[in-house]
Amino acid sequence: MSNKGARGRLPARFSAFDLMRRRRSWPQAWRERDLKSTYDVVLIGGGLHGLATAYYLATNHGITDVAVIEKSYIGGGGSGRNTAIVRSNYLTPEGVRFYDRSVKLYEELAVDLNFNVMFEQRGHMTLAHNDSSLRTMRWRAEVNKLEGVDSSVITPSEIKQLAPYIDVSDHSRYPILGALWHPPGGIIRHDAVVWGYARAADAAGAHIHQNTEVTGIDVEQEKVTGVTTSRGKISAPIVVNCTAGWSSLVAALAGVKLPIVTRPLQAAVTEPVQSFLDPVIVSGSLHVYVSQTARGELVFGASVDPFGSYSTRGSLDFIEGLAGHVLELMPSLGRMRVLRQWAGLCDMTPDYAPIIGPTHVGGFYVDVGWGTYGFKAGPAAGESLAQMIATNSIPELIAPFGVERFAAGTLMGEKGAASVGH
Amino acid sequence: MTARLPERPGEVIDRSSSLPFRWNGGDYTGMAGDTIVSALAASGVRVLSRSFKYRRPRGVMTADFNDPNCLFQVGDEPNVRAAHRLLEPGMDTSSQTSWPSLRFDAKAATQALSPFLGPGFYYKTFMRPRFLWPVYQRVLRTFAAGGKPSPQPGHSSPDKRYAHPDVLVAGGGPAGMMAAISAAERGARVMLVDEQHETGGYLRWSDSDGRLALADLRTRLAAADVEVLTDSVVFGRYDHNWVGVMQRSHPQGERLIKARAGVLVVAPGLIERPLAFEGNDLPGVVLSGAARRLLNLYAVRPGTRAVVLSANAEGAAAAADLADAGVEIAAFVDARAGETVVRAKGRTGVRSVELTGGKTVEADLLVTATGWTAPTALLNMAGVVPTFDPESSRFVPGEMPDDVMATGGIVGDGSVADLLSHAAAVGQEAARRSGHKAVHKAAAIPAAAALAPPSKEPVELPTLEPEPHPPLFIGSTSGFIDFSEDVTTKDITAAADEGYRSLELAKRYTTATMGPTQGKLEVINAGVAHAIATGRAIAGMGTTTWRPPYAPVSLGALAGRMLEPVRHSPLQPYHERVGAQPIVAGQWIRPNHYGDPAAEVTAVRSSVGVIDVSPLGKIELRGRDVPKLLELVYTNKWSKLAVGSVRYGIMCAEDGVVMDDGVTARFAEDRYMMTTTSSGAAGVYDWLEEWLATAHPDWDVRLTAMTDAYASMNVAGPESRALLERLVEGIELDAESFPHMHVRTGTVAGVADCFLWRLGFTGELSFEVHVPAGYGLHVWEALLEQGADLGAVPFGLEAQRIMRLEKGHFIVGQDTDGLTRAHSTGLSTLINSDKPDFSGKQELEWSEADSGTMLVALQPEDPAVVPPEASQVLSGNTLVGRITSSRMSPTLGRSICLAQLTQDHAAPGTVVTVHLPDRTRVRARVMEHHAHFDPEGSRLRG
Amino acid sequence: MLLIDCPYCGPRNGSEFAWQGVPSPRPDPASTTPLEWRRYLYEEDNLAGWVEERWKHRSGCRAYLIIERHTATNEIRAVRLLGGTPL
Ligand SMILES: Cc1cc2nc3c(=O)[nH]c(=O)nc-3n(C[C@H](O)[C@H](O)[C@H](O)COP(=O)(O)OP(=O)(O)OC[C@H]3O[C@@H](n4cnc5c(N)ncnc54)[C@H](O)[C@@H]3O)c2cc1C
Ligand SMILES: [Zn+2]
């Protein structure tokens, strides 16, 4: 890491020892600040991406005059609603490399942030129910291996060993022929990641403004000059759009049109039961994935809703389909109960890959198009974006993800690995 | 020690019954009508469970579905609401948190731990040393609350039901009953749903006036035409009044009812709210409603000496009921007079209660009546924003959409008469708004003459307002706010102090409201504690998000029966009879082989074989303008296709990516038959319709899906003509009369209206025979029978895949992917850029020079090595492509492949390295032709 | 589950219909440029508010419909046949 980095003094250090010893309450994890009239960098969106970028700008590059502008509370968007799957078993070499960097950062994150983000690398298993998906699994495994990522194709009996509740017996409709097995994958406490970055970014000097909405972006002669917010104007030479599901609306404020459609993605949890499922299980053909949290709840997700919408109310069809498909995989769970369902907004691109980098408006960057898979990407995206802002050049890791690929007609090929198993 | 009382007037138990059951390994008995928990309470059991985090002893608290301390394992069913579930003889039940044992007094241990287990404690520790994290993880996971899921499959749920009520009433208390009655009396179809086992709501456990009123309502309800579902719950209101109802009382198990309600009337009453003070979770601290339910429904005495803390009429009523049942009232604490409870003391149950002023009263029961939470969940789901009313200390509904109404306690308080008159008006208005077809109904039902017509004008609703109620939420000592998550007042305060200053953040940080009670008991107290901690006005705490389901619903009921169809060809009976090995291909189940695919290949190559290709998509196109449509969707030229001819074509999406391929035949001037890949059939059909509907509505083209209309079989091999000659009438089969890529119609094995075309995937002389589906099996069997002496065999998908690979034919979706543009298939001759327009033309033109990868045939240098499909291809250390198809060729006796390679490695003769999954490598050479076998195609044309 | 009032079939469950988004006009194939074409292929307004979308009654009469829907509330205020063909 760069020695210019301004790793802030945390308000208090966390450790088991401090936990036992402390008698007073803990200091504030982040502070409420006055809105300044100018900042060097304005990050719109207080989700994981905005906060991680603020953190790496400060710690890796010493850029601390940074504002994160969040219209509600931090993590109130996709970052607080996702199903927290972290993995790097993508299909394209560019994708695998990028997500692998993120997994590496996640592995160190608890120590790095002095905040336990509870990254549980219990393995990630993608089931294949027909020979064509088995072929795709092998494809991913082979690309992963070449990139140094631990993935392999396993047999039904190995599946049964890793996840005994899965029914691998003969099924006519969805037989289980094998799976892509990815040991470093797993789940994480999504809120903890958001809070950990917010706490460390605040300590390093960044200002986190919650309940502050960006309502305008000021552009003069094709260059950004600042933003208008619900709490006043800010001038800034660099403005980054990290607003995921809302990114089209925010980009439009700067006159930028994106290849994005916002679609709700739903999820659900069951009541807790005693732990019986270690790995994350994904089935593309059945449009479903399942994991069990440390608290014992099963967390379910599926593919995006069948039509674009900004509504996060969720649907009955979703939990019905989900339940049917889960029971197809684990038929003994019929008596477990769904406790809560919800939805978040996903910024879907045509090629299931993100859009990171400059736009035609100078100083206005985007870090969007994270669709259903952007949580795992947060650390690497924040790190790269910070580097891009600090060095004014595009890091190799994110070079394939520029918006110009759409005008050039050279899309990424990530759909096969990203459409269900986020 | 029994706590069962002599007979009570409103009791629901059957004293003549005796139901034995087990709990935590011991034997107990209860009565029919008991819940599991009332039976245990009657047997004198006080400690029912241990809490999630601090493992504190817990007992009955609400004595209904929401009781956070009464989640039991029943048989192999986890998390059963034991204060709601009716007792059945022989039930095997147990509490779920077994450590430490229920009897063991672990207070000392847990208190020592409590500073350690504060909010978000796990975020603050276990970071170092890193290598121990997996161990910590495992330990943390053993703390998971909840029961054990069954490992045994086999719980089927009854089929789902659809309902279309004009008025759906959620909540069968007096207001809900009255709304249902009055809507039905106006001719609406009404469904009334209540969570309890009987209608009546709070009247069930109230006084004699209440019971009288209830009896009257039940009579009227029975006379009205209302469908009543008890032990059922309206768990979600979704877009456009799509309402989820879970009928738990269905005899075959939970059943999902999906209702499209005209108007949803929300009448769930109120939920009693606990007060947070030290010891408020001790066994023996119960809500007033719980005390009255235990006393009046189950004739169970909840204690012997009680302190009653009362802020409303319910508290007084509970005290009266207790006294009536012989419980000594040690103190009646009137909150409206400013008195309150400071803390409850005891180890495994209440022993004494400390009151304001420091006075301590010995008691084994503390009953609290400190206010209400309005369960606005269904309203929130409908987009209503309830507001907090500080006067009455609860949320009141906000502005409602037209198709949702509310009545009863959720709206306001009053006498039974007040509630009923409001509800009656709401029911009338709901009937009016639902715009039901009362006229039709009136004609159908003889008794309908008695029905009043729905009013034309909006019905005026009498006012119903909440009564003032003292603001009792958080006591002077820290107590539990969330009982299922073990979250205290202190925890909420600590979270706010730590910077979690929005309620949403504080809830997530402390996990308050996240547990099985879903916020029903804790949401207000959490909001108030947080408002106090952040120095904000309680009134401004804002509404909370209630997400569906309102009550937990089982996966089995949500799933219902798996209704995903499997498709079989009309020839399936044959395949089954001979024991063909099946393979799943999309929705289709097809024969993969009949024993030995390599032998099948050899048979086809040397004599003749027949394959079932019925899943092939078939679309008939008729009309003057069909050629225009074909020109638009295929990349090649179609206008000159002669009658009787067949042509192959590739279809691209508008980005130039290959989406499907197949042949189209011209039967007559204006009649064509198109085939698609089996999995692409529905998509292509949509695609054709879309072009017609959106771009060319003026064209004369009509489409008919024909896939299921024909059984299709490909007869392939040098003897195919000889075989067909024995069966075909009316078609000359010789090469001159019926050349390759032509189509003829005629009779096969006596079946008229078949069509045949000459083409095939195998590279052999072949005829594809399409037979009206009902006769498919007959023709198939005739072919095999008549061909027996020629050596005719059935062959499956695997043999076909081998042969097509020998011939280098690609499969869309296997040898191409989501980015493969048409040029990359190597079939550039099939892209006609002279046409003014076709789907994909623009992109194909712009990318012609560089379309990324190229599909090539590859042969490993070691002929015995078959690189698995998806093996990666390297040149030096750079990735240059992948194997898309590979097989051992029985015909050539060597391994053969198709591969996608970057263009600079696609030239014939190039040698590349294939990286096998087992980490070995094999060198392979790019071939000149896609076809490994018979590249000239002489066999095919014979 | 949306309720969509198909001009042919009457009110039907939303699951019978396929969403096709807000249609963008296809550029003239003879004169289009790569930039214009790819805007047509990929760019979206993605508005939060009232939009006019194309849907298909796929598991019904298969008619193409123009539906006015509010993308934040999913409220539907008008359904008509594509091209406005009178019934
Ligand atoms: C149900 C669900 C499951 C998912 N599962 C996974 C998973 O398992 N793994 C994975 O990797 N990814 C998953 N994702 C995707 C992941 O959640 C997102 O890609 C990721 O959280 C995006 O983070 P972000 O910081 O870019 O955006 P967000 O967290 O959405 O943050 C954007 C923020 O911008 C704010 N904002 C919007 N407009 C404005 C404005 N005008 N002014 C100020 N602020 C504004 C919003 O309030 C919001 O807080 C899932 C998503 C969902 C919905
Ligand atoms: Zn229709």
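Residues numbered from 1 in each chain as written. Chains lettered and ligands numbered in written order. Predicted model: local features only at pLDDT ≥ 70, side-chain atom pairs only at ≥ 80, totals over all residues. Heavy atoms only, no water.

### Examining the overall build of chain C
- A count of helices and strands for chain C gives 1 helix and 6 strands.
- Shown N-terminal to C-terminal, the secondary structure of chain C runs as helices and strands in the order β-β-β-α-β-β-β.
- In terms of overall dimensions, chain C has a C-alpha envelope of 40 × 30 × 20 Å along the principal axes.
- Looking at the 87 residues of chain C, the share that counts as buried comes to 41%.
- For chain C, the share of sequence-separated contacts (at least 6 apart) that also reach a separation of at least 24 residues comes to 43%.
- Of the charged side chains in chain C, 11 are positive and 11 negative; the average position of the first set lies 7 Å away from that of the second. (Helix = DSSP H or I, 4+ residues; strand = E, 2+ residues; numbered from the N terminus. Buried < 20%, exposed > 50% of the residue type's maximum accessible area, 1.4 Å probe, protein only. Contact = heavy atoms within 4.5 Å. Lys, Arg positive; Asp, Glu negative; His and termini not counted. Charge placed at Lys NZ, Arg CZ, Asp CG, Glu CD.)

### Considering the packing of aromatic side chains
- All told, the structure shown has 40 aromatic pairs over all chains when counted by the stated rule.
- Aromatic pair Trp 195 of chain A and Tyr 123 of chain B: ring centres 5.8 Å apart, planes at 80 degrees, arrangement edge-to-face. A residue pair is termed interchain when its members come from two chains, as with Trp 195 of chain A in helix 6 (residues 190-204) and Tyr 123 of chain B in the loop between helix 2 (107-113) and helix 3 (133-142).
- Measuring from ring centre to ring centre gives 5.6 Å for Phe 738 of chain B and Phe 767 of chain B, while their planes differ by 70 degrees; the resulting arrangement is edge-to-face. With Phe 738 of chain B in the loop between strand 40 (728-729) and strand 41 (743-748) and Phe 767 of chain B in strand 43 (residues 766-772), this pair connects stretches of sequence that are 29 residues apart. Summarising the burial analysis for this pair, Phe 738 of chain B and Phe 767 of chain B share the class buried.
- Three or more aromatic residues joined by ring pairs make a cluster, and in this case those are Phe 14, Trp 26, Trp 30, Phe 115 and Trp 195 of chain A together with Phe 121, Tyr 122, Tyr 123, Tyr 500 and Tyr 509 of chain B.
- When the ring centre of Phe 14 of chain A is taken as reference, the NZ or CZ atom of Lys 124 of chain B above it lies at 5.5 Å. (Phe/Tyr/Trp six-rings, centres within 6.5 Å; stacked < 30°, edge-to-face > 60°. Lys NZ or Arg CZ within 6 Å of the ring centre and 35° of its normal.)

### What about the interface of chain B and chain A?
- Each side of the interface is counted separately: chain B has 104 residues, and chain A has 93 residues.
- Broken down residue by residue, the surface that chain B buries against chain A is led by Tyr 123, Arg 141 and Leu 555 of chain B, which jointly contribute 10%.
- Our count for the chain B to chain A interface comes out at 14 salt bridges.
- Salt-bridge contacts for Glu 320 of chain A lead to Lys 160 of chain B; the nearest nitrogen and oxygen are separated by 2.8 Å.
- For the pair chain B and chain A, the interface holds 43 residue pairs in polar contact (both at pLDDT 80 or more).
- Tallying contributions element by element places strand 6 (residues 77-81) of chain B first for the side of chain B that touches chain A, with 5 residues. (Buried area = accessible area lost by both parts, 1.4 Å probe. Salt bridge = Lys/Arg side-chain N within 4 Å of Asp/Glu carboxyl O. Polar contact = N/O pair within 3.5 Å; in protein donor to acceptor, adjacent residues only side chain to side chain.)

### Description of the site of ligand 1
All names here are of chain A.
- Surveying the vicinity of ligand 1 reveals 38 residues, the closest of which are His 49, Glu 70, Gly 78, Ser 79 and Lys 376.
- In this structure, Ser 79 approaches ligand 1 through a side-chain N or O atom, which is 2.5 Å from an oxygen atom.
- In this structure, an oxygen atom belonging to ligand 1 sits 2.7 Å away from a main-chain N or O atom of Lys 376.
- Isolated, ligand 1 exposes 1000 Å² of accessible area, and the fraction of that covered by the protein chains is 99%.
- When residues of the shell around ligand 1 are traced back to their parent elements, those giving at least two are helix 2 (48-61), strand 13 (261-270) and strand 17 (337-348).
- Counting contributing residues, the shell around ligand 1 receives three or more from each of domain 1 (28-116 + 189-260 + 351-417) and domain 2 (124-184 + 261-347). (Near = heavy atom within 4 Å. Areas by Shrake-Rupley, 256 points an atom, 1.4 Å probe, with all protein chains shown as cover. Domains from an automatic or database assignment.)

### Quick look at the confidence of the model for chain C
- Put simply, chain C has an average pLDDT of 94, and 95% of its residues get 70 or more.
- Interface scoring of the predicted complex returns ipTM 0.97; its pTM is 0.96. (pLDDT = per-residue confidence, 0-100.)

### Focus: the pairing of strand 15 (residues 263-266) of chain B
All names here are of chain B.
- Alternating residues of strand 15 divide into Val 263 and Val 265 and Leu 264 and Val 266, and every residue in both groups is buried.
- Strand direction decides the pairing type here: strand 9 (residues 167-170) and strand 15, joined by 4 bridges, are parallel. From the neighbouring strand, Val 167 faces strand 15, where its bridge partner is Val 263.
- Pairing of strand 15 with strand 27 (residues 404-406) involves 3 bridges; the strand directions are parallel. Paired with Leu 264 across the strands is Val 404, a residue of strand 27. (Pairing = 2+ DSSP bridges.)

### Brief notes about the coordination of the zinc ion (ligand 2)
All names here are of chain C.
- For the zinc ion (ligand 2), the protein coordination sphere consists of Cys 6 (SG), Cys 9 (SG), His 57 (ND1) and Cys 61 (SG), at 2.0 to 2.3 Å.
- Relative to the metal, the 4 donor atoms surrounding the zinc ion (ligand 2) lie at angles of 106 to 116 degrees, and the coordination shape comes out tetrahedral.
- We note that the donor set of the zinc ion (ligand 2) lies within a single chain, spaced as C-x2-C-x47-H-x3-C. Of the two residues, Cys 9 is situated in the loop between strand 1 (3-6) and strand 2 (10-13) and Cys 61 in the loop between strand 4 (50-56) and strand 5 (64-70); the sequence distance between them amounts to 52 residues.
- Overall, the relative accessible area of 32% leaves Cys 61 in the partly exposed class. (Donors = N, O, S within 2.8 Å, 3.2 Å for Na, K, Ca; no water. Tetrahedral: all angles 85-135°; square planar, octahedral: opposite > 155°, others 65-115°.)

### Notes on the interface of chain B and chain C
- Each partner contributes to the interface: chain B provides 21 residues, whereas chain C provides 25 residues.
- Where chain B abuts chain C, roughly 2000 Å² becomes buried across the two surfaces, and 46% of that area is made up of carbon and sulfur atoms.
- Among the residues chain B hides against chain C, the three largest losses belong to His 240, Glu 654 and Trp 846 of chain B. Together they make up 28% of the total.
- Inspection of the chain B/chain C interface yields 9 salt bridges.
- Between Asp 686 of chain B and Arg 58 of chain C there is a salt bridge whose closest N-O contact spans 2.5 Å.
- In this structure, the connection of chain B to chain C is made through 20 residue pairs in polar contact (both at pLDDT 80 or more).
- Sorting elements by how many residues they give to the side of chain B that touches chain C places helix 18 (residues 681-695) of chain B first, with 8 residues.
- Here the residues of the side of chain B that touches chain C are counted per class, giving 9 nonpolar, 3 polar and 9 charged. (Nonpolar A, V, L, I, M, F, W, Y, C, P; charged D, E, K, R; others polar.)

### A short note on a nonpolar patch on the surface
- Together, Val 135, Val 139 and Phe 143 of chain B line one region of the surface with nonpolar side chains, adding up to about 230 Å² of accessible area.
- Residue position: Phe 143 of chain B is located in the loop between helix 3 and strand 8 (161-163). (Patch = residues over 30% accessible without salt bridge, like charges linked within 9 Å, V, L, I, M, F, W, Y side chains within 5 Å.)

### Comments concerning unusual backbone geometry
- The step from Arg 128 of chain B to Pro 129 of chain B runs through a cis peptide bond, and the omega angle for that step is -10 degrees.
- Counting through the fold element by element, Pro 129 of chain B comes out in the loop between helix 2 and helix 3.
- Cis rather than trans, the peptide bond between Pro 548 of chain B and Pro 549 of chain B has omega equal to -5 degrees.
- In this structure, Arg 62 of chain C is a non-glycine residue whose phi angle is positive, near 65 degrees.
- Within the secondary structure, Arg 62 of chain C is located in the loop between strand 4 and strand 5.
- Even without being a glycine, Asn 74 of chain C presents a positive backbone phi close to 65 degrees.
- Looking at where Asn 74 of chain C falls in the secondary structure, it is placed in the loop between strand 5 and strand 6 (76-81).

### Considerations on the sheet that holds strand 44 (residues 793-794) of chain B
Residues and elements named next belong to chain B.
- Across the sheet, 7 strands lie side by side as 40-41-42-43-39-33-44; this open sheet has mixed pairing. In the strand order of this sheet, the two ends are held by strand 40 and strand 44, each with one partner.
- Strand direction decides the pairing type here: strand 33 (residues 609-612) and strand 39 (residues 710-716), joined by 4 bridges, are antiparallel. Residue pairing across strands places Val 610 opposite Val 715, the latter belonging to strand 39.

### Focus on the environment of Val 143 of chain A
- With respect to the helices, strands and loops of the structure, Val 143 of chain A is situated in helix 4 (residues 131-146).
- Between the C-alpha atom of Val 143 of chain A and that of Thr 215 of chain A, which follows or precedes it by 72 residues, the distance is 43 Å.
- Discounting chain neighbours no more than four positions away, the residues touching Val 143 of chain A are Leu 91, Thr 92, Pro 93 and Val 96 of chain A together with Gln 872 of chain B.

### With respect to the domain arrangement of chain B
- Assigned domains of chain B: these are domain 1 (14-128), domain 2 (161-270 + 375-450), domain 3 (473-563), domain 4 (572-795) and domain 5 (810-823 + 844-936).
- Once you take the C-alpha centre of each, domain 1 of chain B and domain 4 of chain B turn out to be 65 Å apart.

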